[in-house]
Amino acid sequence: MRFCRFEHEGAVRYGLVEGDGGTATITRTLQPFPQDFSDFDRGQRTDLALASVRLLSPVRPSKIVCIGRNYVEHAKELQHEVPTSPLIFLKPPSAVIGTGDQIRRPHTLSQRVDHEGELGVVIGKRCYGLHEDEDVRSYILGYTCVNDVTARDLQNKDGQWTRSKGFDTFCPIGPVVANGLDPWKGVQVRTRLNGQVRQDGNTSQFIFPLDVIVRYIAAVMTLEPGDVIATGTPAGVGPMQPGDVVEVTVAGVGTLSNPVVNA
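Just so you know, these numbers come straight off a predicted model, no measurement behind them.

## Regarding the environment of Val-187
Here is step 1: Take Val-187: it is sitting in the loop between strand 14 (171–178) and strand 15 (188–193).
Here is step 2: Once the C-alpha coordinates of Val-187 and Gly-201 are considered, the two residues, 14 residues apart in sequence, prove to be 8.3 Å apart.
Here is step 3: Excluding residues within four positions of it along the chain, Val-187 makes contact with Leu-181, Asp-182, Gly-201, Asn-202, Thr-203, Val-250 and Ala-251.

As structure tokens, then:
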């Protein structure tokens, strides 16, 4: 199952999406954020073509918690050490945009802005201080695509990553939230730049599997419904230029597509 967040005729709602491609339809809508797909059972029935609405980021997270260097080959390509425990950092909610929105490249401050396609995990219920035998799946609402846009030169210059990761528009999320994926068995994550494949990874290559990631974060901070975990990017990150279009595809979710412009 999949849901989106959309704007139509001046109203913003969450919508249950059925069908694929040009036949995809929003069949039920909700005003509040759905903390479970069953919430749509009490939603308003509708029959809206997905193509007829403006898709927004499917979630409005209080925070985006990102995992750095969760693929060995990505750590190697940046000439960084492979971490021995999850490396976490935050992106601000003000960085979030949806599919189709412009990534604004701050060209007066940065000379290299990179794409980083990732699997995003959407939290469904409050999560903190998990027991070792507790199944993290019960806290996961679903999965989405994330582009952890990064000003690479500023990341290297600053030493810490807040500025390089935190510009407005540096966290595209979408196009939908989907359930039924199994990142433990493996989910393909692929990034295209102007139609050319630049990143092609699989979550089975994670250094730290998803249960380790969720427990590690929840030992530090409370994850709230709608929060997003960006689980790390595979090798192949690279710069984007004005006029480029970057697409992040997660198998079972869909494609997040964003044009790049100079701010």
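Once the structure has been displayed, the description carries forward.
## Some remarks on the pattern of salt bridges
Opposite charge on two side chains permits pairing when their charged atoms draw close.
Here is step 1: If you walk through the whole model with that rule in mind, you get 16 salt bridges.
Here is step 2: Residue Asp-148 is joined to Lys-165 by a salt bridge in which the shortest nitrogen-to-oxygen separation is 2.8 Å. Of this pair, Asp-148 sits in the loop between strand 12 (140–147) and strand 13 (150–151) while Lys-165 is found in helix 3 (residues 162–166), placing the two residues 17 residues apart along the sequence.
Here is step 3: Taking the shortest distance from any N to any O, the salt bridge between Arg-163 and Asp-158 comes out at 3.0 Å.
Here is step 4: Through salt bridges with shared partners, one network takes in Lys-91, Arg-112, Asp-114, Glu-116, Asp-148, Arg-152 and Lys-165.

## Description of the sheet that holds strand 20 (residues 254–262)
Here is step 1: Sheet architecture is open: five strands sit in the order 9-20-19-15-16, paired in mixed fashion. In this open sheet, the two edge strands, each paired with only one partner strand, are strand 9 (103–105) and strand 16 (196–202). Strand after strand, the sheet turns through a mean of 20° between neighbouring axes, direction not considered.

## Topic: the side chain of His-115
Here is step 1: Tracing the backbone shows His-115 in strand 10 (residues 113–115).
Here is step 2: Within the structure, His-115 has its side chain in polar contact with the side chain of Gln-199 (distance 3.1 Å).

Analysis parameters
Each chain has its residues counted from 1, running along the sequence as written. Thresholds applied to this predicted model are a pLDDT of at least 70 for local features of residues and 80 or more for the giving and counting of side-chain atom pairs; totals over whole chains, interfaces and linings are not thresholded and use all residues. The side-chain numbers reported here are obtained from all heavy atoms of the structure, hydrogens and water having been left aside. Helical segments are the DSSP runs of H or I of at least four residues, strand segments are the runs of E of at least two, and each set is numbered from the N terminus. Here a residue-residue contact requires only that any non-hydrogen atoms of the pair lie within 4.5 Å. We define a salt bridge as a contact between a side-chain nitrogen of Lys or Arg and a carboxyl oxygen of Asp or Glu at a distance within 4 Å. Any two strands are treated as partners once DSSP identifies two or more bridges connecting them. Every axis in this analysis is a line fitted to C-alpha atoms, fitted for helices over the stretch in contact. Angles between the N-to-C directions lie between 0 and 180 degrees. Polar contact is defined as a pair of N or O atoms within 3.5 Å, subject to the rule that within protein one atom must be able to donate a hydrogen and the other to accept it, and that residues adjacent in sequence are counted only when both atoms are side-chain atoms.

Function cannot be read off these values alone, since they describe shape.
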